[in-house]
Amino acid sequence: MKSRLVRNETPYFHWTTRRDYIDCRGLRSDQVTNHYANVGTFTTKVGLCVNLRNLQWFDAADPDTFFPRCYRLGAEDEKHAFIEDFRRTACTSLLQHVVETWSRQGAEVGEQKAKTSTAEKLDPEMIDTALHVCEEFLSVLEHGDIDVTVETAPTVEGQQWTEFLQNYYMVVHEGAVISGSGVFVGRCQAMLNRLQECCPQLDTDGLSNIWIIKPGAKSRGRGIMCMNRLEDILALIDTDRAMTKESKWVVQKYLERPLLVHGTKFDLRQWFLVTDWNPLTVWFYKECYLRFSTQPYSTKTLDSSVHLCNNSIQKHFQPSRDRHPAVPLDNMWSCSQFKAFLQQQGRGAKWEAVVVPGMQQAVVHALQTAQDLVEHRKASFELYGADFMLGRDLRPWLLEINASPTMACSTAVTARLCPAVQLDTLRVVLDWRADSSAYTGGFHIIYKQTAVEVPHYVGMNLLVEGAAVRRSRPLLRAFPAIQFSSDRTSPEEVKTRHKSSHQKTHAVAASRHAGKENQTAEDTKGQLTSTSPKKMHERRRDIQITQNPSCVRRSCHTCVSDQPLAAHTKPQKKVQRLRLSANRATLVPRSLSFSLSSPHSMLHCKSQPGRGQASHITRLFLPQMVSEAQHKTSTQAFPSLQGPLPTLEIFSLKPNTVTGNSSCRNLTLSSRRSFHRHHSFLCSHRQNMAKHKEDYTGEHKH
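For the protein, the helix and strand inventory stands at 21 helices and 22 strands. Evaluated residue by residue, the protein yields a buried proportion of 48% over its 702 residues.

Below you can see the structure in the form of structure tokens.
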């Protein structure tokens, strides 16, 4: 009934044990959920194994001091590294076996027992082999092989390793005796002392060389097995090619010498809470609980009932009769009961001095290596459960981190702690987020880093540096030019020339500024086809005067000639027609530059500009359109032009939209060598608009 009432409401708080039930990326900023995306980088066996190797880039800590050695058997290089580690551990275990055997029994008793024993006796050469392997390992750690120019063969190779491991199995697992081993005790002890300084896990490695194999895709202890023979481990991996290919098999060194409670193995489940990833904010719960196995601890058997303390596994076994009666039947203790146990042994102070700080540091280090990989979200949080084992010195060792830890009230301990943890989690994510002084129960902050500004990703920054390459100036081409009519030109001759001009094709080219201004073909086309008077007026600009003293620029409306014309043109540009097919109106020049000299001298002037002369001419003109009928009476003679007609350059052509008088009036040519005056025959905007109106209504008189 309640679910029906709220099924159409928007939820603002999600708490679910199924990570895939909610897509964190699709939530609103005010919706709270108890999961982050991509936390498998530290909550899976493979993720934790890989990422903790990068701890050196985040903190000055060694993962080998709190996380047992771990390898992915699906990766070929890590598989070879594991094989080398297994062989080397067999050597160190053999040295420890020799030292511990003689230290327990004494030199004389040990020698006498070795002589009278009926067990198989092995050659002491295997001890010397183990010493040489350890010496080579230390040399590599101390970088003693850097200056070696000639590659030396290893002490043990191929078949020798197989024989050595078989002899090792006989000594450690089957009780075989090494003849004359007492002679090597001193050397073995000295070597172990050197290894102790660089191998923090030497004390927990033990003698049996046990490794725990974990399938990376399973939880609650499913598929986990303990093995102590190399060939058995490799055979198990080869049986599942699919998981091996995906690098899902993880092999980890088993802690053979853990802290025991009444001779029984246990592990700790510790809760911690992450409320933000930037800045990384970690909360640690003040209480934890212990989980016991149902059988007394022993390395002689590899059964999961002895070595796996998961409640999901131990609940299927009955407690052994050989187990100490002080161990609870429900296989759980609270941390208060464990602290009381330590207090009885005189080690109660180490809980707060060694155990708790060690667990906190391990949790923070694991989160640091995964911080850049987790998709953080401000309105999210997540509760995790970390599993630890304690060494004999009470130093905690991180085994794994679980997302969505169980909150089942399976025992009296969890029935009290689990509801309290959930309630205190709500106090942190709801009350404390709104009020930093709110009560947070058993949670307290153990780590909060400085906020890191995340840079915005803008893609790859491709930068090309260098000097720009200037394009060479195009050569001048000769095109049909426009010629001015003289005073003696008759209207009939002008009419004839005008009609013939409609049958010719004229080239239109855009002048180019030397380094900065480029006129594209699209701009020229737009200027030729635009007939809007307003746009024409907006595009009017001052005419740039060339620095050539022999050339004079003037403005003219309608003057058509057949003489050659020199104009700038774009290389390999197709000739454009000067006639508009829609209204058959002609394109006429609005700005011209001509010389009083002959065409030959004009070309000479353009090809050899004077000192400081600009190599380009402006291309801004006022377009107009002239009809054929009006050209009959629109010609104007130039009284100052006598003799040969001058050469004229056209720099831009635009359609003439004014149908009125387009002839040039009152033109005065200057005969001075340098002529730099700015001639502008453009009327004001108001006059042009009035003239435009008169031309179209026929009111303008010729």
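Quick look at the pairing of strand β13 (residues 396–403) now. Here β13 lies mainly inside the structure; seven of its eight residues are buried. Counting the residues between successive antiparallel strands, the hairpin from strand β12 (residues 382–390) to β13 contains five residues, one of them, L394, with a positive phi of roughly 70 degrees.

In space, the four strands of this open sheet follow the order β3-β8-β6-β7, with antiparallel pairing throughout. Whereas interior strands pair on both sides, the edge strands pair on one side only; in this sheet they are β3 (70–72) and β7 (225–227). This sheet shows a mean twist of 25 degrees between the axes of neighbouring strands, independent of strand direction. As paired elements, strand β6 (residues 211–215) and strand β8 (residues 249–253) share five bridges and run antiparallel to each other. Residue pairing for β8: P215 is matched across the bridge by W249.

Enumeration according to the criterion identifies 23 aromatic pairs in this entry. On the numbers, 5.8 Å between centres and 55 degrees between planes, the contact of F42 with W277 is tilted. Of the two residues, F42 sits in helix α2 (residues 40–43) while W277 sits in strand β9 (residues 266–277), which places them 235 residues apart along the sequence. Linked through ring pairs, F266, F292, W333, F338, F341 and W351 together constitute an aromatic cluster.

F82, L95, I127, F164 and L195 are the most contacted members of the largest nonpolar core, which totals 49 residues. Within the residue set of this core, elements represented by two or more residues are α4 (76–105), α6 (125–141), α7 (158–172), α8 (185–198), β6, α10 (230–239) and β8. The contacts of F82, once residues within four sequence positions are left out, are Y71, L73, W211, L230, I233, L234 and V251.

Moving on: the pattern of salt bridges. For the coordinates displayed, the defined rule picks out 19 salt bridges. A salt bridge links D85 to R69; the nearest nitrogen and oxygen atoms lie 2.8 Å apart. One end of the pair, D85, is in helix α4; the other, R69, is in the loop between α3 (45–51) and β3, and 16 residues separate them in sequence. Here D85 and R69 have matching classes, each one buried. For D85, a relative accessible area of 1% corresponds to the buried category. Taken together, the salt bridges that share partners define one network made up of R69, D85, R88 and D205.

This part is about the environment of D30. If you trace the backbone, D30 turns up in the loop between β1 (13–14) and β2 (32–33). At 3.2 Å, the side chain of D30 and the side chain of R28 are in polar contact.

Bringing the packing of α6 against α7 into the picture now. α7 packs onto α6 with a crossing angle of 115 degrees between their chain directions and a minimal axis gap of 11 Å. In terms of crossing hand, the pair formed by α6 and α7 is left-handed. Residue-level contacts link M126, T129, A130 and V133 of α6 to W161, F164, N167, Y168 and V171 of α7. Its residues assigned to classes, the contact of α6 with α7 comprises seven nonpolar, two polar and no charged.

The next point concerns the side chain of T294. By secondary structure assignment, the location of T294 is in the loop between β10 (280–292) and α12 (304–307). Among the residues examined, T294 registers a relative accessible area of 0% and is labelled buried. Side-chain polar atoms of T294 contact the side chain of Q295, separated by 3.3 Å. With near-sequence residues (within four places) excluded, T294 lies in contact with S305, Q314, F317, Q318, P319, S320, R323 and N331.

So, about the packing of α6 against α8. What describes two packed helices is the angle between their axes and the distance between those same axes. Axis separation between α6 and α8 bottoms out at 11 Å; the angle between their running directions is 30 degrees. Our classification of the angle between α6 and α8 gives roughly parallel. The hand of the α6/α8 crossing is left-handed. Residue-level inspection shows I127, D128, L131, C134, E135, F137, L138 and L141 of α6 in contact with α8, the latter providing R187, C188, M191, R194, L195 and C198. A class-by-class count of the residues in the contact of α6 with α8 yields 10 nonpolar, no polar and four charged.

What counts and how
- Residues numbered from 1 in each chain as written.
- Predicted model: local features only at pLDDT ≥ 70, side-chain atom pairs only at ≥ 80, totals over all residues.
- Heavy atoms only, no water.
- Helix = DSSP H or I, 4+ residues; strand = E, 2+ residues; numbered from the N terminus.
- Buried < 20%, exposed > 50% of the residue type's maximum accessible area, 1.4 Å probe, protein only.
- Pairing = 2+ DSSP bridges.
- Axes fitted to C-alpha atoms, helices over the stretch in contact; angles between N-to-C directions.
- Phe/Tyr/Trp six-rings, centres within 6.5 Å; stacked < 30°, edge-to-face > 60°.
- Core = buried A, V, L, I, M, F, W, Y, C linked by side-chain atoms within 4.5 Å.
- Contact = heavy atoms within 4.5 Å.
- Salt bridge = Lys/Arg side-chain N within 4 Å of Asp/Glu carboxyl O.
- Polar contact = N/O pair within 3.5 Å; in protein donor to acceptor, adjacent residues only side chain to side chain.
- Left-handed = near helix turned anticlockwise from the far one by under 90°.
- Nonpolar A, V, L, I, M, F, W, Y, C, P; charged D, E, K, R; others polar.
- Parallel < 35°, antiparallel > 145°, perpendicular 65-115°, else oblique.

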